[in-house]
Structures are given as C-alpha cells and as structure tokens.
Amino acid sequence: MLVWRTPADIPSDFEGSVVTVGVFDGVHKGHRAVINEAVVEARLLGVPSVVLTFDPHPATVHNPDRTVPLVISVEDRLRRLEALDVDIVYVQHYTRDYSQATAEEFILDQLVGELKAKSIVVGEDARFGRDNSGDCDFLMDMADKHGFTATVVSDLEDDASGRRWSSTWLREVLDRGDVKAATKVLGRLHRLRGTVVHGHKRGRELGFPTANLQASSAGVVPKDGVYAGWLVRDVPGTSAVENLPAAISIGTNPQFDGKGRTVEAHVLGRADLDLYGEDIAIDLVAYLRPMVSFDRVETLLEQMDEDLRQSALALGVPVSGRVDPTQVTAGLQAEEFNL
C-alpha cells in the first residue's frame, strides 16, 4: 500500500482512481463497509482504490480547546486500511486554511483534480467542504454535472439493536468500560498505544511489575478499572509481533493516593521483560472489576492474585501467580498495580 501526504507524491502519469473520504478513526464496521465498496469498485474499473483521510482530527483543529483523543493512532489506521486491500492512502494534513475550500472546490480540485477520481464512495452521513456544506445530494449533483460516478453506502446497523455502527457508539461503551461491546462495534479488540515510561516501581517490590503508559496520550481510554487483555510488542531485531497475556489497570492508583491517570499492564508470569522506551499496544479483552482501595497490604495482594487468575481465565491462558520480586529485570517498567 502506498502512502501519500502531499500533491508532490502523486505520480504525473496517475490516470484514475476510486476515492473514499473520511477520518476513519478506529476503522470500525461502518467504516469498513464504505472502504470495502470503494475497493470493489476500483477492482471492477481496473484503477487503484484511494482513501483520503485526515491528520490531525478535524475536530481538534476547529476546537483547539477540546481534546479529542484518537480511537487508534494514525499508524494503526494505516495498518488496518492496508489489511482491507486499499491501494493508496492519502493522509491530508488538516488545517483551518485547508478547511476553507468549498464543497465544490474540494470535489473538483482535490478528488477529481489531484486524485483523478472516476468514482467517489461515501457513507450516507458524509459532509465535506467549508462548514460541512456538502452532503450526499450535493455529491450526486456534482457527479451528474462533471462525469464521474458517486456511490452512497447505506449505514450499517447492528442486527440486535438496530443502531448504526459509529465512533460515537464506540466512545459511549468505552466510557462504561464495556470493552466487549467495543469489540462488537470495531469488529476487533479496542487498542491503546504508547511509549512505556518510568513510574514509582512499587509493583516490582510486590511481584507485579507493570508497563506504564500515560492515559492522556494512549488513545480513547475506557473508565477506570481492572481489565484482561494483551500487551502487543515488536520483537526486537525482527519484523515479528508478539501478544503477551496481561492484567491491565487503568486509573489514578488510589491505594497510594496517585494523581495522574495511567494505563498499566502486568504480563502474566513474566519478570524478564525490559520495556522502557518501547512503543507498545494494549488490546483490551474484558472488564474485570472497578478500582478500590484496601486497608491492608495482605488484602491488596490477595486481590492482585485474584486479578491475575481472572485475567488468565478471560484470556484462555494458564494461570500465573506473582513473580519473584528478586527476579524482576532491572529495566522493566514497574509501577504499583492500580486497584
């Protein structure tokens, strides 16, 4: 899959494409229905499929005081688009100046002009151009006038609830900590991503070393609690990826009066990992329980042991207890397990 970021990346002999447009944050089931239609049309026409997407998220540009965390990173978005057999992704740097193009200018100058769209595929809620003035009816009119094809993909709905798959729905279920529902909306596990940072290293002393991510930069983080999931990392020196079973805590560490919200993953049964500075992903499988604080360290440790057991059961892996604190690799991120 090719990735373009400026008009200069487009070959001078580029002759035609099928284009679809959207942020596609999360690449959930609704997004995939639109993208798949574009890929199918491109194959039928014998031209490349092009996804025009945006970075940063338009909402953060138009509302700079409002934080809009991405469901997935741009890098993960590109990986998931590639998995859908998209030929080319154009990552448009989104600015206020760029957003001032009218709907007609956007279609004729960028989609038909630069990207040589023979066909444009959108979802039925598509809006484009200055002040979101362009909609599907406008696109159809432009297609009739200028000789390209336009396809509007109907909203894809959940059979059980009748609700359409959307990023809004995804954020709602994550706010409740319902990562199983998030998996249903996405069609895969919800992923957090970040660089492992140093913490207070209390967990190492208790036999629960954890990889620590800052929640503010890890993506759309669900409500505080303990979860089961997978820590996903690149295998150093190779192109391989490994998925490690983990107990994951999200919160402010109430046991030790923590302030900053963190995401901490304890890899079951492992004391030999050196993760400082690594970019890792955390895939969430199941919500186990809310955060609580304990009066006695012994009660805290008993609950930690139970969290490890429940995590192993949720992931279908052998149960592992606490690791020997004396065997924890010195470089391993070790932070007190949020409870």
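Per-residue confidence for the protein chain averages 88 on the pLDDT scale, and 90% of its residues sit at or above 70. Within the model, the stretch residues 329–339 combines pLDDT values under 50 with 80 contacts to residues more than four positions away or in other chains.

Moving on: the pattern of salt bridges. Following the criterion strictly, the structure yields 16 salt bridges and no others. The residue Asp76 makes a salt bridge to Arg191 at a minimum N-O spacing of 3.8 Å. Residue Asp76 is found in helix H3 (residues 74–83), and its partner Arg191 is found in strand S7 (residues 190–195); the two are separated by 115 residues along the sequence. Assessed through its relative accessible area of 2%, Asp76 is described here as buried. Its relative accessible area of 16% is what places Arg191 among the buried residues.

Turning our eyes to something else, we now look at the sheet that holds strand S5 (residues 117–123). Taken together, six strands build an open sheet; the order of strands is S1-S4-S3-S2-S5-S6 and the sheet is parallel. The open sheet has two edge strands with one neighbour each: strand S1 (2–4) and strand S6 (149–153). Strand-to-strand, the axes of this sheet are offset by a mean angle of 25°, without reference to chain direction. Sheet topology places strand S3 (residues 49–55) next to strand S4 (residues 88–93); six bridges connect them, and they run parallel. By the bridge assignment for S4, Val50 is matched with Ile88.

The next subject is the sheet that holds strand S8 (residues 211–214). Ordered in space as S7-S12-S9-S10-S11-S8, the six strands form an open sheet in which the pairing is antiparallel. Strands with a single pairing partner mark the edges of an open sheet, and in this sheet they are S7 and S8. Here the average twist between neighbouring strands, direction ignored, is 35°. Here strand S9 (residues 225–234) pairs with strand S12 (residues 279–289) via seven bridges, running antiparallel. The residue bridging Trp230 from the neighbouring strand is Asp283, located in S12. Its contacts with the sheet put helix H9 (residues 297–315) on S9, strand S10 (241–251), strand S11 (262–267) and S12, and the angle it makes with S12 is roughly 100°.

What counts as what
Residues numbered from 1 in each chain as written. Predicted model: local features only at pLDDT ≥ 70, side-chain atom pairs only at ≥ 80, totals over all residues. Heavy atoms only, no water. pLDDT = per-residue confidence, 0-100. Contact = heavy atoms within 4.5 Å. Salt bridge = Lys/Arg side-chain N within 4 Å of Asp/Glu carboxyl O. Helix = DSSP H or I, 4+ residues; strand = E, 2+ residues; numbered from the N terminus. Buried < 20%, exposed > 50% of the residue type's maximum accessible area, 1.4 Å probe, protein only. Pairing = 2+ DSSP bridges. Axes fitted to C-alpha atoms, helices over the stretch in contact; angles between N-to-C directions.

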